[in-house]
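The primary structure of each chain is shown beneath.
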Amino acid sequence: MFNQELPSSAYIHVPFCQHRCGYCDFTLVAQKDHLIDDYLAAMEQQLSGVGEDVELKTLFLGGGTPTHLSINQLQRLFNAIFSHFQLATDYEFSIEANPLNLTEEKIDFLKQAGVNRVSLGVQSFDSNILTFLERDHQPQQVFEIVQRLQSRIENTSLDLIFAVPGQNLENWKTTLNHAIQLNIPHVSTYGLTIEKGTSFWSRQKAGIFDLPEEELAGEMYEFSLKFLSSAGLKHYEISNFARPGYECRHNEVYWTGYPYFGFGPGAASYLNGKREQNHRSVITWLRRIAAGESPISDQEELSPEDRAREAIIFGLRRRIGINVEKFAERYGYDLYDLSQSAIKKHVEAGFLEETKTHVRLTQAGCLLADTVVIDFL
Ligand code: SF4
């Protein structure tokens, strides 16, 4: 059955970027660096509720762009974190980074601070695609930065985007090929989606661009599976590929239903079966903490069945799928009692497969995962 252990994972949200990219709907502010000191003070306050010497196996700084902060600002944030947490011997400490922020000095600082995994927002090795996505780097710079980074912090992941207007299969193949030439041990690939409220949303509505046809997007995804696997990066989650031993341990915590702390605007925590989410507005989050009010905007106590259903949704994202016996032991429900008809429907359609021990998505199912999992809610 579900146990109520204390989290050994923490997520810290750093909501600052130089510019809000046209497709991005994350919790962040751009061109508001005057708020960074207030943010750091608020983080010190939020973290003070944790206690002391809580051991973390995984720590993840995401954003926004954590590396947008100066070394002094990062040092202040790390001081606040490590006043309450300590890293376990075999820890994973990840930070999301924008390539152009990674000067030699900043890489050295991150390494000395204990960061041992960097997730780089590269997105593409095609300069036209990068311009379209409103990114500030060029492909040639990424080659130099990745080499510089990997000489200090070898565990590097690249985020790459496909199905971008103007992108064809050849562009995408070239981008993946560059990632492999750089000997990257972890790659995350995301199809571009246009979210309401972004500037891309308005531009698409105004007919300024169209997304590539679904068929082409599917071909790009299928090519990623084939190409990255043949290069030794195992497809271990719908969007993620890694060499053995380089899977992101922090994300595995989310996907396997273990508890975690979350700090910063928009961050969620999951403690004792209760999910709490901080306010997504950076300004409101800051204001609430400064006023001594709770920054939490939503909370939800998950019933045992909710936990089990959520475990199915996340479990199906992992290529290994759901171990039927372990699922019953941990959640107290038989997978087939909860989802008999959904499993039958998607096995018949070729989107799910059953092994002796697991139920998992097929390759075709990975393409339509969002549609498939709806039937398990
Ligand atoms: S750099 Fe990343 S987090 Fe910042 S606006 Fe662009 S996509 Fe969003």
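Cut-off values and rules
- Residues numbered from 1 in each chain as written.
- Predicted model: local features only at pLDDT ≥ 70, side-chain atom pairs only at ≥ 80, totals over all residues.
- Heavy atoms only, no water.
- UniProt positions renumbered as here; feature names shortened; annotations may be inferred.
- Helix = DSSP H or I, 4+ residues; strand = E, 2+ residues; numbered from the N terminus.
- Rg over C-alpha atoms; globule rule 2.2 N^0.38 Å.
- Contact = heavy atoms within 4.5 Å.
- Areas by Shrake-Rupley, 256 points an atom, 1.4 Å probe, with all protein chains shown as cover.
- Lys, Arg positive; Asp, Glu negative; His and termini not counted.
- Charge placed at Lys NZ, Arg CZ, Asp CG, Glu CD.
- Core = buried A, V, L, I, M, F, W, Y, C linked by side-chain atoms within 4.5 Å.
- Buried < 20%, exposed > 50% of the residue type's maximum accessible area, 1.4 Å probe, protein only.

- Identification of the chain as Heme chaperone HemW from Gimesia aquarii is taken from an unreviewed UniProt entry.
- UniProt's Sequence similarities (unreviewed entry) comment on the chain is quoted here verbatim: "Belongs to the anaerobic coproporphyrinogen-III oxidase family. HemW subfamily."

Regarding the overall build of the chain
Here comes step 1: Across its full length, the chain carries 15 helices and 17 strands.
Here comes step 2: Computed over the C-alpha atoms, the radius of gyration of the chain is 21 Å, within 12% of the 21 Å expected from 2.2 N^0.38 for a compact globule of 377 residues.
Here comes step 3: With the principal axes as the frame, the chain shows a C-alpha extent of 55 × 50 × 45 Å.
Here comes step 4: In the chain, of all internal contacts separated by at least 6 residues, the share reaching a separation of at least 24 is 70%.
Here comes step 5: Surface exposure of the chain reaches about 17,100 Å², of which carbon and sulfur atoms provide 48%.
Here comes step 6: Charge separation in the chain, taken as the distance between the mean sites of 34 positive and 49 negative side-chain charges, equals 1 Å.

Considerations on the nonpolar core
Here comes step 1: Grouped together as the largest cluster of nonpolar side chains are 91 residues, with contacts concentrated most on Ile 12, Tyr 39, Leu 77 and Phe 85.
Here comes step 2: It is helix α8 (residues 214-230) that provides the largest number of residues to this core, a total of 7 residues.
Here comes step 3: Aside from chain neighbours lying at most four places away, what touches Leu 77 is Ile 12, Val 14, Tyr 39, Leu 40, Met 43, Leu 61 and Leu 69.
Here comes step 4: Membership of the second largest hydrophobic core comes to 14 residues, among which are Tyr 23, Ile 129, Leu 133 and Phe 200.

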